[in-house]
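# Close look at the chain arrangement
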Amino acid sequence: MSKHLNKFSAAGLLIALGIIYGDIGTSPLYVFDEIVNGRVINELLIIGSLSCIIWTLTLQTTVKYVILTLRADNKGEGGIFSLYTLVRRQRKWLVIPAMLGGAALLADGMITPPISVASAIEGLKIRPEFSDIHQSTIIYIVLGILAVLFFVQQFGTNSIGKLFGPIMFIWFSMLLVLGLMHISDDWSIFKALNPYYAIKLLSTYPKGYWLLGSVFLCTTGAEALYSDLGHVGRENIQVSWIFVKISLIVSYIGQGAWLLKHHEGTIFASKTFYGVMPDWFQLPGIIIATAAAIIASQALISGSFTLISEAIRLNLWPKMKINYPSEAKGQLYIPGINTLLFIGCCGVVLYFRTSSAMGAAYGLAITLCMLATTILFSNFMISRRVHAVFIYLFLAVFLTIEISFLIANIRKFADGGFVTVIMGGALFLIMYVWFRSRKIRNRYVEFVRLEEYIPKIEELSNDTSVPKYGTHLVYLTSANNPKEIEHKIIYSILSGKPKRADIYWFIHVDTLDDPYTCEYIVEHIIPNDIIRVEFRLGFRVPPRLNLMFKKVVEELVTNKEVNVTSRYDSQQRNNVVGDFQFVVMEKFLSQDNELPLVEGLIMKLYFWIKGLSLSEEKGFGLQQSNVAVEKYPLIVAPANKFKLSRVYLEEEEEF
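This report concerns the structure included in the present document. Quick caveat: nothing in here was measured; it's all calculated off a predicted structure.

### Let's talk about the environment of Thr 558
- Relative to the helices and strands, Thr 558 resides in helix H23 (residues 545-558).
- At 2.8 Å, the side chain of Thr 558 forms a polar contact with the backbone oxygen of Glu 554.

Pasting the structure below:
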């Protein structure tokens, strides 16, 4: 996205409408249906629930996210992992809410597309010509739309993405107009602006508290709003939200007034959103709603790709293949996640079959994400030395709101909420195993002082009796200290069959808390013999080391800091560039470990997941033709407590 869009502009506002509000913007399709489902329409139900919606959008979305959380930007980038990078050095345990929030957002990405698209397509039933349409036909249509949507992800959305803004502007304008058309149906509807009626509903309506589970659906897209901060900037989001919020509230008010006028005292079992439309507009309305639902789904899918790429860089997710279908900033495509989301979405459609049933499961996982954001943001406030009174006030208000929503949503568990909890739990387990196993593996990593081995490496490099392994030998090192190196690398070079080379390169990748930093440091430990290159990359920068290292070598040659010409006499006379051989050290779990039960299970899960994920060389963007993979045993808890006694043969005893 161009930098000028990060400041308030007409283009920025239009783009914000297209990619920021898809999830929260399509909530009028199903929120009121979930509230009135199976209940008699009366004034307390409609006005009370409408009051809950208005104040949820005001407190949860406007105050918490649009006004407060958007301030927690990491060089202009937002989202739960961007927020985590701002506070992770304060308390180590903050990684847990970050992983919970990330897993919940991914689970949300598996249910938002089905419920949005299904709600839009189900509007066909209100048309006389489609009144007999079978639910299975609607399911096929929804699955077809989802299949096309996920298929086109591989080509990028840069070109069609320009249409998202105008389409969503039409959508929100439609919400506003339809709402205004029905406000006069019952002027008492404006009592909903008074929070008293929200409290009255929750306290006096039979099982009124549990309605919060349905009310919560009106704000489920708030977290995605924060995640897309980097695409358009804070000002464009805050200004465009004024129009969006007015459109949403007017739409809800119009639906409420229409229900009170036409259906008070009855159980309404149709689609409220399409009921407020004039007959002549219903078909165009269904088309516009379907387009908005597709755009909402696209935003969630793109957001999931970004989320996973950040998790990979922060070592919270296994390495996966990442493609870049266009030059647009932040535009990426992860085939594995695309397949996972597609299978998840299809599974949700086939299991629940109707948008109403999906609504019963929707919201439980995303509540956990909002709680995680509250915890992380409170720590962000601490890091910015905000007065303790304001921090405790923030926690008191939003923990109360979100825990209330969580309790209300727990009731959905048996109705299908277990599906999103299982999906989110599985995703969290992957993150936790990947994170925890790294902590366990770090016990085994042994670093040694590089200076102690420099003479031996130099001697090997000049020993012509040893066959040359490669002109340039490149190792990836995890040593943060440039004066240290892993013992396993020294062992690989010097022990067994030694690896002689003209120049030894040690590459280290340091992932920074800044999103888009991309720089490197070169240290000539021994000029033209041992060189260390440290790449300092932001958590949103893909580590394409093959291309990056090539550029570094070109700049060093231009500056005459290194001679990469082959040192074979015949090739040196013809100025032939020497070969570059990368060595990747790949671990396997040794049988000689005696790990505690839980740690042993974590390590077994880690290696199982690792077997399904991208290999080390592919994860770092290295070409396989010049990469050698060396396997070595991982021993984190050596087995040393075992009894072994010698038995003598009778012949030996005679001596």
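Still to come is the rest of the account.
### Regarding the packing of aromatic side chains
- For the structure on display, the rule yields 29 aromatic pairs.
- On the basis of an interplanar angle of 25 degrees and a centroid distance of 6.2 Å, the ring pair of Phe 428 and Tyr 432 is categorised as stacked. Highlighted residues: Phe 428 and Tyr 432, both in helix H20 (residues 413-441), separated by 4 residues, approximately one helical turn.
- We classify Tyr 432 as partly exposed; its relative accessible area is 28%.
- Clustering of aromatic rings is evident, with ring pairs tying together Tyr 21, Phe 169, Phe 172, Trp 241 and Phe 243.

### Here we look at the nonpolar core
- With 149 residues, the main nonpolar core has Tyr 21 and Trp 171 as its most contacted residues.
- Of the residues forming this core, the biggest block, 15 residues, is contributed by helix H6 (residues 95-121).
- Beyond its immediate sequence surroundings of up to four residues, Tyr 21 is in contact with Ala 16, Thr 26, Met 168, Phe 172, Leu 225, Ile 237, Ser 240, Trp 241 and Val 244.
- Judged by nonpolar contacts, the second largest core, of 25 residues, contains Val 474, Ile 503, Leu 545 and Phe 620.

### With respect to the pattern of salt bridges
- Going through the model one piece at a time under the given rule, you end up with 11 salt bridges.
- Glu 129 serves as the salt-bridge partner of Arg 127, at 3.3 Å between the closest nitrogen and oxygen.
- Overall, Arg 127 belongs to the buried group, its relative accessible area being 15%.
- Taken together, the salt bridges that share partners define one network made up of Asp 33, Glu 122 and Lys 271.

### Let's talk about the pairing of strand S6 (residues 530-538)
- Counting buried positions along S6 yields 8 of 9 residues, so the element is predominantly enclosed.
- Of the pairings in the sheet, the one linking strand S4 (residues 500-512) to S6 comprises 9 bridges and is parallel in character. When the bridges of S6 are listed, Tyr 504 appears paired with Ile 530.
- Where strand S5 (residues 518-526) meets S6, 8 bridges bridge the pair, whose relative direction is antiparallel. The partner of Glu 523 across the bridge, within S6, is Arg 532.
- Between S5 and S6, which pair antiparallel and follow one another directly, the connecting turn spans 3 residues, one of which, Asn 528, has a positive phi of 60 degrees.

### Quick look at the environment of Pro 482
- Here Pro 482 shows up in the loop between strand S2 (468-476) and strand S3 (484-486).
- In this structure Pro 482 comes out as partly exposed when scored by relative accessible area, which is 30%.
- Between the C-alpha atoms of Pro 482 and His 508, which are 26 residues apart in sequence, the distance is 8.9 Å.
- In this view, Pro 482 contacts Leu 450, Glu 523 and Arg 532; residues no more than four positions away in its chain are not counted.

### What to know about the packing of helix H7 (residues 135-151) against helix H16 (residues 335-352)
- Axis separation between H7 and H16 bottoms out at 10 Å; the angle between their running directions is 175 degrees. By the criterion of interaxial angle, the relationship of H7 to H16 is roughly antiparallel. Where H7 approaches H16, its residues Ile 139, Val 142, Leu 143, Leu 146, Ala 147 and Phe 150 are matched on the opposing element by Asn 338, Leu 341, Phe 342, Cys 345, Cys 346, Val 349 and Leu 350.

The rules behind the values
- Residues numbered from 1 in each chain as written.
- Predicted model: local features only at pLDDT ≥ 70, side-chain atom pairs only at ≥ 80, totals over all residues.
- Heavy atoms only, no water.
- Helix = DSSP H or I, 4+ residues; strand = E, 2+ residues; numbered from the N terminus.
- Polar contact = N/O pair within 3.5 Å; in protein donor to acceptor, adjacent residues only side chain to side chain.
- Phe/Tyr/Trp six-rings, centres within 6.5 Å; stacked < 30°, edge-to-face > 60°.
- Buried < 20%, exposed > 50% of the residue type's maximum accessible area, 1.4 Å probe, protein only.
- Core = buried A, V, L, I, M, F, W, Y, C linked by side-chain atoms within 4.5 Å.
- Contact = heavy atoms within 4.5 Å.
- Salt bridge = Lys/Arg side-chain N within 4 Å of Asp/Glu carboxyl O.
- Pairing = 2+ DSSP bridges.
- Axes fitted to C-alpha atoms, helices over the stretch in contact; angles between N-to-C directions.
- Parallel < 35°, antiparallel > 145°, perpendicular 65-115°, else oblique.

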